[in-house]
Amino acid sequence: MKRDYYEVLEVSKTASVDEIKSAYRKLALKYHPDKNQGDKEAEEKFKEINEAYEMLSDVQKRQQYDTFGHDAAGGMPDGRNPFGGKGSYTQYSGDFSSVGDIFGDIFGDIFSGGSSRAKNRASQRRGEDLRYDVEVSYLDAMKGTKISIDIPKKEICFVCRGTGSKDGSVPKQCPQCKGKGQVKYSQGFFSFSQECSQCKGNGIIINNPCPECRGEGTANKRKPIKVRVPAGVDEGTSLKIAGSGNAGSNGSLSGDLYVIVHMKQTAGFERNGDDLYTEISVSFSQAAMGIEYEVPVIEGHIKVKIPPSTQPGTILRVRKQGFPKLGRKNKGDLYVKINISVPKSMNDEQKLALFEYAKSMGEVPKDSKYQSDNFFSKIFGNK
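All values reported here derive from a predicted model rather than from experimental measurement. (Residues numbered from 1 in each chain as written. Predicted model: local features only at pLDDT ≥ 70, side-chain atom pairs only at ≥ 80, totals over all residues. Heavy atoms only, no water.)

S.K.: What should I look at first to understand the environment of Gly 69 in this one?
M.R.: Checked against the element boundaries, Gly 69 lands in the loop between helix H4 (59-68) and helix H5 (71-74). Of the residues examined, Gly 69 reaches a relative accessible area of 21% and is grouped as partly exposed. As for Gly 69 and Asp 4, which are separated by 65 residues in sequence, their C-alpha atoms are 8.3 Å apart. (Helix = DSSP H or I, 4+ residues; strand = E, 2+ residues; numbered from the N terminus. Buried < 20%, exposed > 50% of the residue type's maximum accessible area, 1.4 Å probe, protein only.)

S.K.: Please explain the sheet that holds strand E8 (residues 238-241) as it appears in this structure.
M.R.: The strands making up a sheet associate through backbone hydrogen bonding, with each pair oriented either parallel or antiparallel. One open sheet accounts for 3 strands, arranged E1-E9-E8; its pairing is mixed. Strand pairing shows two members of the sheet lacking a second neighbour, strand E1 (130-137) and E8, which therefore form its edges. In this sheet, neighbouring strand axes are inclined to one another by 30 degrees on average, regardless of whether the strands run parallel or antiparallel. Pairing analysis gives 4 bridges linking E8 to strand E9 (residues 257-264), with the strands arranged antiparallel. The residue bridging Leu 239 from the neighbouring strand is Val 259, located in E9. (Pairing = 2+ DSSP bridges. Axes fitted to C-alpha atoms, helices over the stretch in contact; angles between N-to-C directions.)

S.K.: I'm lost on the UniProt feature "repeat: CXXCXGXG motif" (unreviewed entry) in the protein in this one. Help?
M.R.: Mapped onto this numbering, the UniProt entry annotates "repeat: CXXCXGXG motif" (unreviewed entry) at residues 157-164, 174-181, 196-203 and 210-217. Secondary structure within residues 210-217 divides into 0% helix and 0% strand; the distance between the first and last C-alpha atoms comes to 8 Å. (UniProt positions renumbered as here; feature names shortened; annotations may be inferred.)

S.K.: What's the story with the nonpolar core in this structure? I'm lost.
M.R.: Note that soluble globular proteins tend to have their nonpolar side chains buried in a common cluster. If you look at the biggest cluster of nonpolar residues, it comprises 35 residues, and the most contacted ones within it are Ile 149, Leu 257 and Val 259. Counting residues per element, this core draws most heavily on E9, at 4 residues. Here this core spans two domains, since at least three of its residues come from each of domain 2 (130-171 + 206-264) and domain 3 (269-341). Leaving out residues up to four positions away in the same chain, Leu 257 has contacts with Leu 130, Arg 131, Tyr 132, Ile 149, Ile 151, Ile 225, Leu 239, Lys 240, Ile 241, Ser 244 and Gly 245. Listed in part, the 20 residues of the second largest apolar core include Val 8, Ala 52, Tyr 53 and Tyr 65. (Core = buried A, V, L, I, M, F, W, Y, C linked by side-chain atoms within 4.5 Å. Domains from an automatic or database assignment. Contact = heavy atoms within 4.5 Å.)

S.K.: In this structure, what is going on with the pattern of salt bridges? I would like to understand it.
M.R.: Close approach of charged atoms lets side chains of opposite charge pair. Here the structure, examined in full by the defined rule, presents 16 salt bridges. Residue Asp 129 pairs with Arg 126 through a salt bridge whose shortest N-O separation is 3.0 Å. What makes Asp 129 partly exposed here is its relative accessible area of 38%. Notably, a salt bridge pairs Asp 274 with Lys 325, separated by 3.3 Å at the nearest N-O pair. Highlighted residues: Asp 274 in the loop between strand E10 (270-272) and strand E11 (275-283) and Lys 325 in the loop between strand E14 (315-318) and strand E15 (334-341), separated in sequence by 51 residues. (Salt bridge = Lys/Arg side-chain N within 4 Å of Asp/Glu carboxyl O.)

S.K.: How should I be thinking about the packing of aromatic side chains in this particular structure?
M.R.: Two aromatic rings, taken as a pair, are described by how far apart their centres are and by the angle between their planes. Counted according to the given criterion, the structure contains 6 aromatic pairs. Measuring from ring centre to ring centre gives 6.2 Å for Tyr 6 and Tyr 65, while their planes differ by 45 degrees; the resulting arrangement is tilted. Of this pair, Tyr 6 sits in helix H1 (residues 5-9) while Tyr 65 is found in helix H4, placing the two residues 59 residues apart along the sequence. Here Tyr 6 falls in the buried class, since its relative accessible area comes to 2%. For the ring pair Tyr 138 and Phe 323, a centre distance of 5.5 Å and an interplane angle of 80 degrees mean the geometry is edge-to-face. With Tyr 138 in helix H8 (residues 138-143) and Phe 323 in the loop between E14 and E15, this pair connects stretches of sequence that are 185 residues apart. One aromatic cluster is present, formed by Tyr 5, Tyr 6 and Tyr 65 through successive ring pairs. Over the ring of Phe 323 we find Arg 271; its NZ or CZ atom is 3.8 Å from the centre of that ring. (Phe/Tyr/Trp six-rings, centres within 6.5 Å; stacked < 30°, edge-to-face > 60°. Lys NZ or Arg CZ within 6 Å of the ring centre and 35° of its normal.)

S.K.: When you look at the sheet that holds E15 in this model, what are you seeing that I'm missing?
M.R.: One open sheet accounts for 4 strands, arranged E10-E11-E15-E14; its pairing is mixed. Each edge of the open sheet is held by one strand with a lone partner, namely E10 and E14. The sheet shows a mean angle of 30 degrees between the axes of neighbouring strands, direction not considered. Here 4 bridges tie E14 to E15, and the two strands are oriented antiparallel to one another. When the sheet's bridge partners are listed, Val 318 is paired in E15 with Leu 334.

S.K.: Please clarify how the layout of surface pockets should be interpreted in this entry.
M.R.: Volume-wise, the second largest pocket comes out at about 240 Å³. Together, Ser 283, Phe 284, Ser 285, Ile 340, Ser 341, Val 342, Pro 343, Met 346, Ala 353, Leu 354 and Tyr 357 line the second largest pocket. Of all the secondary structure elements, the ones that give two or more residues to the lining of the second largest pocket are helix H9 (284-289), E15 and helix H10 (348-360). For the lining of the second largest pocket, the element with the highest residue contribution is H10, accounting for 3 residues. Residues of the lining of the second largest pocket, tallied by class, amount to 8 nonpolar, 3 polar and no charged. Counting only domains with at least three residues in the lining of the second largest pocket, you end up with domain 3 (269-341) and domain 4 (348-380). (1 Å grid on protein atoms, 1.4 Å probe; cavity = no way out; pocket = protein on both sides within 12 Å on 5 of 7 lines; lining within 4 Å. Points joined across faces, edges and corners; volume = space filled by probe spheres on them. Nonpolar A, V, L, I, M, F, W, Y, C, P; charged D, E, K, R; others polar.)

This is how it looks when you write it as structure tokens:
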């Protein structure tokens, strides 16, 4: 069963708002995941105290909890709202984002690096991320390469230098949202934020827009970008180029560019992860007696020892002749499948040699024309 929220926060039912906040601060610091990495029990306790604080820190919710207990958070078993009206309440699921404002108000920048509201505003003004798809050969994926791409993107306006305002004019703080970019509304027990309609989420008002960018602070341009493709990239590898996306409006941060790699296959080779696969054909005599064979690879040729009595379909593994492992020094392997080639034609001398071999193995059928005593004597004479 769920524990009593007052018991979770270790306070009495008559505790003041400040006492509840103080108890929450102490317990949250104690059980925060950043201080207890890998500790599942601490993680569950942290969720539990957040759930308790979310209920008891709000005067109205606390009154409802004191009256209805845990039904105030989860709704009635039949889905009815215990406080009247339509709909049901969703119990806190452990998603920390739902208590982000509470946590940010109490701890400031200790863990989150800034309030969640400030981060939300920054992300809304930040420029859009861009995607660009490139095709890379096996050789480039094996050795790594540099490519130049030309993409259309939003760049900071050269006239207003990203401010969006006409030269000599200064943007003003939005009077409706006070520069936050968000307007908060309350409805019943819930509060929610929406983008400010007056400043479109920017937090500022531009009364004298730049004639070049019309207040956007950005202009559409094509810009060449050099991209380093590291050795070991594979199909679907995403390369992030920070800050190379669209410029943000009114001088805010630019987005990122994501270069998605696609592989251009090389004939005669297959790739599976970091491993490379190919096939070669050798003659019967080479497979039977063994040979050192020159096998083609992406970057040239290597010599591979084919052992005697190699059977058709045998796969030889050559270590560290595959693709480099992305971001690491070691490599995958090369797998070589051995096929046995059968000659399409033979001269008489070759036929005689093969006949003698087949005869020694007892493989010549009795009704074969080669069984005739004078068959080869007719060809070679009385040798």
